[in-house]
Amino acid sequence: MKSYQNMALLQNLYRLKALGYRYTDPIVVNPRNVAGDLPDDLQALRRTVATCHLCDLSKSRRQCMAGHGSTTAEIMFIDAFVSPADDESGRYFSGRSGEMFRRMVANVLHLGLDDIYYTHAVKCKAAGLNRPSASECNSCRPYWRKEFELVRPKIVATLGPDAYALITGDSASFEEVRGHPVPFEGATLFPLFHPQFLLRNPSLKKAALRDLQTIEAML
């Protein structure tokens, strides 16, 4: 909530400065309106994300990962955090996890990477092995929500328990919700295993395959 308020305050202060104001009375903002001030175009939104300084991740990041893929995709994949491989390369789908994801999309869903939309709940990688704080996660919330609003996918596939929790706010056990489609704001949300988790637990690949086959049937 604090990050939402900071964003709205900055936007209002910049507007006042552009109008020539040097002083102003205290501003009261409604955090629910923040997302409505973001661009209604994905390219413009990506530029906004790339210059974001709403949280401390902007001090240590290499770059922002602001979304990739089709603006009319029927399926939107949401990862929780930027991987070290993607952060280092500046490209999506890097490393072994990225390679596995590409194979999953191509071999089971029969889609190319430009046919889907892929994004992160938190756009910048935290320094070292740190996890983003709750405040840092909240700073990015308006961004991924705006992406969802603009793409309007039929299916939202969250990758791993962190992404599921960040997108839904649900604290349920991931083992209980994984593989079960649930309604999500006019779309269907489908929690999936994260590819990195499958690399460490290859015995679960058959279950992951069944989940993707279910998604394919829904497209």
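Residues numbered from 1 in each chain as written. Predicted model: local features only at pLDDT ≥ 70, side-chain atom pairs only at ≥ 80, totals over all residues. Heavy atoms only, no water.

1. Overview of the packing of aromatic side chains
Taken as a whole and judged by the stated rule, the model has 9 aromatic pairs. Centroid distance Tyr-92 to Phe-93: 6.0 Å. Interplanar angle 50°. Geometry classified as tilted. Across the pair, Phe-93 and Tyr-92 agree in class, each one buried. Between the aromatic rings of Phe-174 and Phe-193, the centroid separation amounts to 6.3 Å while the plane-to-plane angle is 65°, which identifies the pairing as edge-to-face. (Phe/Tyr/Trp six-rings, centres within 6.5 Å; stacked < 30°, edge-to-face > 60°. Buried < 20%, exposed > 50% of the residue type's maximum accessible area, 1.4 Å probe, protein only.)

2. Things to note about the sheet that holds strand S4 (residues 155-159)
The 6 strands are arranged S1-S3-S2-S4-S6-S5 in an open sheet whose pairing can be described as mixed. Each of the sheet's edge strands pairs with one partner strand only, and the pair in question is strand S1 (68-69) and strand S5 (182-184). In terms of strand pairing, strand S2 (residues 75-79) meets S4 through 5 bridges, oriented parallel. When the sheet's bridge partners are listed, Asp-79 is paired in S4 with Leu-159. Against the sheet, helix H7 (residues 160-168) touches S2, S4, S5 and strand S6 (187-192), its axis set at about 130° to S4. Relative to S6, helix H10 (residues 205-218) is tilted by about 165°, and along the sheet it contacts S2, S4 and S6. (Pairing = 2+ DSSP bridges. Helix = DSSP H or I, 4+ residues; strand = E, 2+ residues; numbered from the N terminus. Contact = heavy atoms within 4.5 Å. Axes fitted to C-alpha atoms, helices over the stretch in contact; angles between N-to-C directions.)

3. Considerations on the confidence of the model for the protein chain
Confidence in the prediction of the protein chain, expressed as mean pLDDT, is 87, and 84% of residues score 70 or more. Confidence drops under pLDDT 50 across residues 28-34; counting only partners more than four residues distant or on other chains, this segment forms 11 contacts. (pLDDT = per-residue confidence, 0-100.)

4. Quick word on the environment of Lys-154
Counting through the fold element by element, Lys-154 comes out in the loop between helix H6 (134-151) and S4. Residue classification places Lys-154 among the partly exposed positions, given a relative accessible area of 42%. Sequence-wise, Lys-154 and Phe-184 are 30 residues apart; in three dimensions their C-alpha atoms are separated by 9.8 Å. Setting aside anything within four residues of it in sequence, one finds Lys-154 in contact with Glu-74, Ala-187, Thr-188, Met-218 and Leu-219.

5. Examining the side chain of Glu-147
Relative to the helices and strands, Glu-147 is located in helix H6. Classification of Glu-147 as buried rests on a relative accessible area of 1%. A polar atom in the side chain of Glu-147 sits 2.9 Å from the side chain of Thr-119. (Polar contact = N/O pair within 3.5 Å; in protein donor to acceptor, adjacent residues only side chain to side chain.)

6. A few points about the pattern of salt bridges
Overall, the coordinates contain 10 salt bridges when judged by the stated rule. Two residues, Glu-99 and Arg-103, come together in a salt bridge whose shortest N-O distance is 3.7 Å. In this pair, Glu-99 and Arg-103 are both assigned in helix H5 (residues 95-107), 4 residues apart and thus about one turn of the helix distant. For Arg-103, a relative accessible area of 39% corresponds to the partly exposed category. One salt bridge connects Glu-147 with Lys-123, and the closest N-O pair in it is separated by 2.5 Å. (Salt bridge = Lys/Arg side-chain N within 4 Å of Asp/Glu carboxyl O.)

7. Notes on the nonpolar core
In terms of nonpolar packing, the biggest core is built from 57 residues, with Ile-75, Phe-77, Phe-101, Tyr-143, Leu-192 and Ile-215 touching the most fellow members. It is H6 that contributes the most residues to this core, 6 residues altogether. (Core = buried A, V, L, I, M, F, W, Y, C linked by side-chain atoms within 4.5 Å.)

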